[in-house]
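Structural overview
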Amino acid sequence: MKVSVDWLKQYIPNDLEVNELSVLLTGVGLEVEGVEEAETVKGGLKGVVVGEVLTCEKHPDADRLSLTTVQVGSDQVLQIVCGAPNVAKGQKVLVATVGATLYPTEGDSFTIKKGKIRGQESNGMICALDELGLGTDHSGIIILDENAIVGTPAAKHLNMSNDYILEVNLTPNRSDATSHFGIARDVYAALKINHHSKANLDFPELKNNISFAGNCPIAVEVADYQACPRYSGLYFENIVVSESPEWLKKRLLSIGVRPINNVVDITNFVLHELGQPLHAFDAAKIEDKKIKVQFLAKDTIFKTLDEQDRKLNATDLMICDGKSKPLCIAGVFGGIGSGVSEETTSIFLESAHFEAKTIRRASMSHGLRTDAAKCFEKGGDPNITLIALQRAAFLLEKYANAKIVGEGIDLYPTPIERKEITVSIRRIQQLIGADIEKATIINILEALDILVSKDNGETILISIPTNKADVYREADIVEEVLRIYGFDNIPVTNRVNSAVVKSEQPDNFYLQNRVADFLVANSFHEMMGISLTQSKYFTEILPINSDQLVYINNTSNVSTDIMRPTLLTSGLEAIIHNQNRQQTDIKLFEYGKAYAKKENGYKEDAYLSIMMAGQLENESWLNKEKKAAGFYAIKEITHKIFGILGIQNLQVSKLEDTTIFSVGNKIHRGTQILAEYGLVQSKISKGFDIKQEVWYAAINWSSILKATKNNTTEYQEISKYPAVRRDLALVLDSNISFEKVKTIAQKQFKKLLKEINLFDVYVNENQLGKDKKSYAVSFIFEDTEKTLNEKEIENLMTSITSSFEQQLGAVVRK
């Protein structure tokens, strides 16, 4: 939200520097994210000063030029060549000195330089209105009053003080701070309490004595008082639509609002002044002289002010005329045919209070994030509608020649009253952590328009203004007191409080960090993708049944229209992003969630995804052999993660009928899949325009947490007896995996077999036969109770060899 410091001081006079004001606002919960200087005239007339023409003679070589000497300081006299017909000796003028940059009303900016004009030296320029950007007149130079002081900066002489614009991060709960006056109230409270300021909060001038008895030339009918709890309006005639006065245009331009005409500008001004949106309808375009606040049929076409044809939702609250023709999306955006134009002579001015949920739904669905919608969706104040009309009436009478006809209308069947709650003074002090005096607490509350209805000693009964939609509990009152009292004013205690907390096992945060540390130590980078992705990925590149996709209505970016069903797409987007920046060696991991529809709702699973592409190691003179990412690299890193987590009794099987991998494995326990890894299909990689192989692992973190739930840590004494290694060369069918060899050996010798390792694979059709391969396998045996003798070891090897021969058809190479 943009806030003008100059505008703010209209309601709460103060002499704070802009940086001091920024600190004060941030302290009361209105975080100032930036400060921008707003110049009344572009360039701020820097380098332009008041000068006096000491001499003025005809230029010796030009009939239309004058050769002048101009004093611009106590001892500084400049020779300037001037082409204006009205320059004369003794005049006080505005002089742009050498180095000054001017921004004329028309054309590009230019910088004053020292030079020669027709052979005569010129050290500046005596300026006309248009040359300084102060108007359009170019008939002659500006002639100042004779009392003007020579050497005075032009901006100071013309009383052109620059404004400062604050960018305030307004949180969704601050319905009371959507306007300059709302923010001024917080400033007033903070100055009164912490700076002992005597300044008063000045309320804007209103037109009083307006009757709202309902005898209005425009009738109003509200179909749903839940969506529109209050609807007020005034009818004006004798309107003269014209350009707004300079002060009004300046106010709007300072906060980035484009001036249109006096009527529309006044409605926008009141919105940003008081936080109440207004809408002016051309009364001549309201059929049957009647306004209907109602819902229209779904897909009704409505052309908005931006000349877009929009299909309405059945939940869009509409302002219609007597024939139910839509004029405006209530609280959001106007229609193309009902607004104020140069021909308008009478208007109906709407000031209503709409339900926050209704306005936000319409605003988001149509992508219309207007200032009015942002104001209503925070809650607004139902009891300011008439005040806003009185303020607008005062301004319209003064600047648009408007005249109120009849009475105002105010439909408010169920008035929303100030909420009353009882709060404990001691409770406020306990929650804040400081013994704030009761009188100070009451002063803070009253400065915020939170009135004390009854003082019961230890407790007080307070009434909360209706513009504070988020304040309704004792804890909310504590927050209001604390932010005005000041967080920095709370003393820091020397006492340290601590508590013993038992966390649930497994500790997800600990496990994630442990695995992340391992991956980072292995040169991986953590990435964070958003949970939204594009549905076209799953219709064009990676087909998934559309019934499983979770669609959302993302009005800020219509292309990202689903919750991601897999983390793969986020990883592929990251790879192509890096590839386009000449980064092809990539090792990434991400913790995130995948979403899918299921029969009775939605499924949301946590995953750890791992992506590898390009070379595994950086170029180095120590290691000139390049090693690219491959199947065994992704397999190794995945299996090591399970080792770190202490998950045992795992099964590994080849992936079949997968839509993601061209080759890969799955880690599972029976039918429960814990992880899948392998090479991403080339059609998927190419669909993302990735020009290299991508290796991917998807570890189901939700299942991992379940698998580690009953994990226990066991300590075992290191055996004092020696281990024995034996090797076997097994000739096997080419389709038999090492995992099968490992499983048979481990089942047979659970206690004695400590380690089994595949250290060589040999393939030679001439020596081994067709579709055969040779595994060189090492076995390490150890008995924790004795030393194994040669005969026992021989029996072990004979037994295990027999098992391989019988179960795998293996042949032992001698």
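Structure: see above.
Report follows, based on the coordinates.

Here we come to the overall build of the protein. Scanning the protein from N- to C-terminus turns up 21 helices and 42 strands. Taking 28 Å as the expected radius of gyration for a compact globule of 814 residues, we find that the protein reaches 39 Å, considerably beyond that expectation. In terms of overall dimensions, the protein has a C-alpha envelope of 125 × 80 × 65 Å along the principal axes. Out of the 814 residues in the protein, the part that is buried amounts to 47%. Restricting the contact set of the protein to residue pairs at least 6 apart, pairs at least 24 apart contribute 70%.

Pairing within the open sheet is mixed, and its five strands lie in the order β14-β17-β20-β21-β22. With one partner strand each, in any of the chains shown, β14 (219-222) and β22 (333-334) form the two edges of the open sheet. Pairing of strand β17 (residues 290-295) with strand β20 (residues 317-321) involves five bridges; the strand directions are antiparallel. When the sheet's bridge partners are listed, V293 is paired in β20 with I319.

Once that is clear, we can look at helix α6 (residues 262-274). Over its 13 residues, α6 runs 18 Å from end to end, which matches the ideal 18 Å to within 8%, given 1.5 Å per residue. The buried count for α6 comes to 12 of 13 residues, which makes it a mostly enclosed element. For α6, every residue scored as buried is listed here: N262, V263, V264, D265, I266, T267, F269, V270, L271, H272, E273 and L274. Backbone nitrogen of V263 and a side-chain oxygen of the N-cap are separated by 3.1 Å at the start of α6; the cap is N261. Where α6 ends, the next residue or the one after it, G275, has phi of about 80°, a positive value.

This brings us to the nonpolar core. In this structure, F236 and I477 are the most contacted members of the largest nonpolar core, which totals 86 residues. Leave out the neighbours within four places in its chain, and I477 touches I421, V423, I428, L445, I450, I462, I464 and V471. Grouped together as the second largest cluster of nonpolar side chains are 35 residues, A227, I286, L312 and I409 included.

Right, let's talk about the packing of aromatic side chains for a bit. Applying the stated criterion to the full structure yields 16 aromatic pairs. Judged by centre distance (6.2 Å) and plane angle (90°), the rings of F589 and Y591 are edge-to-face. There is no split in this pair, since F589 and Y591 are both buried. With centroids separated by 6.1 Å and ring planes inclined at 90°, the aromatic side chains of F749 and F781 adopt a geometry described as edge-to-face. A residue pair is termed long-range when its members are at least 10 positions apart, and F749 in the loop between α19 (738-748) and β40 (753-762) and F781 in strand β41 (residues 772-781) qualify at 32 residues.

The strand order β40-β41-β39-β42 describes an open sheet built from four strands, whose pairing is antiparallel. A single partner strand is all that each edge strand has here, and the edge strands are β40 and β42 (811-812). Strand direction decides the pairing type here: strand β39 (residues 724-733) and β41, joined by 10 bridges, are antiparallel. What sits directly across from R725, in β41, is I780. This element, α19, spans β39, β40 and β41 of the sheet and lies at about 155° to β40. Across the sheet, helix α21 (residues 790-808) is in contact with β39, β41 and β42; its angle to β39 comes to roughly 15°.

This next bit is on the pattern of salt bridges. Across all of its chains, the model carries 32 salt bridges by this definition. As a salt-bridge pair, K2 and E167 come within 3.1 Å of each other at their nearest N and O atoms. Taken together, the residues K2 in strand β1 (residues 2-4) and E167 in strand β13 (residues 163-169) connect sequence positions 165 residues apart. Take K2: its relative accessible area is 34%, and that puts it in the partly exposed class. Between R251 and D6 there is a salt bridge whose closest N-O contact spans 3.2 Å. With a gap of 245 residues between them, R251 in helix α5 (residues 246-254) and D6 in helix α1 (residues 5-8) connect regions that are remote in the sequence. Assessed through its relative accessible area of 31%, D6 is described here as partly exposed.

With that out of the way, let us pick up the environment of A516. Here A516 is to be found in helix α13 (residues 508-521). Sequence spacing of A516 and I641 is 125 residues, and the spatial spacing of their C-alpha atoms is 9.7 Å. Each residue touching A516, except ones within four places of it in the same chain, is listed here: F589 and Y591.

Parameters and conventions
- Residues numbered from 1 in each chain as written.
- Predicted model: local features only at pLDDT ≥ 70, side-chain atom pairs only at ≥ 80, totals over all residues.
- Heavy atoms only, no water.
- Helix = DSSP H or I, 4+ residues; strand = E, 2+ residues; numbered from the N terminus.
- Rg over C-alpha atoms; globule rule 2.2 N^0.38 Å.
- Buried < 20%, exposed > 50% of the residue type's maximum accessible area, 1.4 Å probe, protein only.
- Contact = heavy atoms within 4.5 Å.
- Pairing = 2+ DSSP bridges.
- Expected span 1.5 Å × (residues − 1).
- Polar contact = N/O pair within 3.5 Å; in protein donor to acceptor, adjacent residues only side chain to side chain.
- Core = buried A, V, L, I, M, F, W, Y, C linked by side-chain atoms within 4.5 Å.
- Phe/Tyr/Trp six-rings, centres within 6.5 Å; stacked < 30°, edge-to-face > 60°.
- Axes fitted to C-alpha atoms, helices over the stretch in contact; angles between N-to-C directions.
- Salt bridge = Lys/Arg side-chain N within 4 Å of Asp/Glu carboxyl O.

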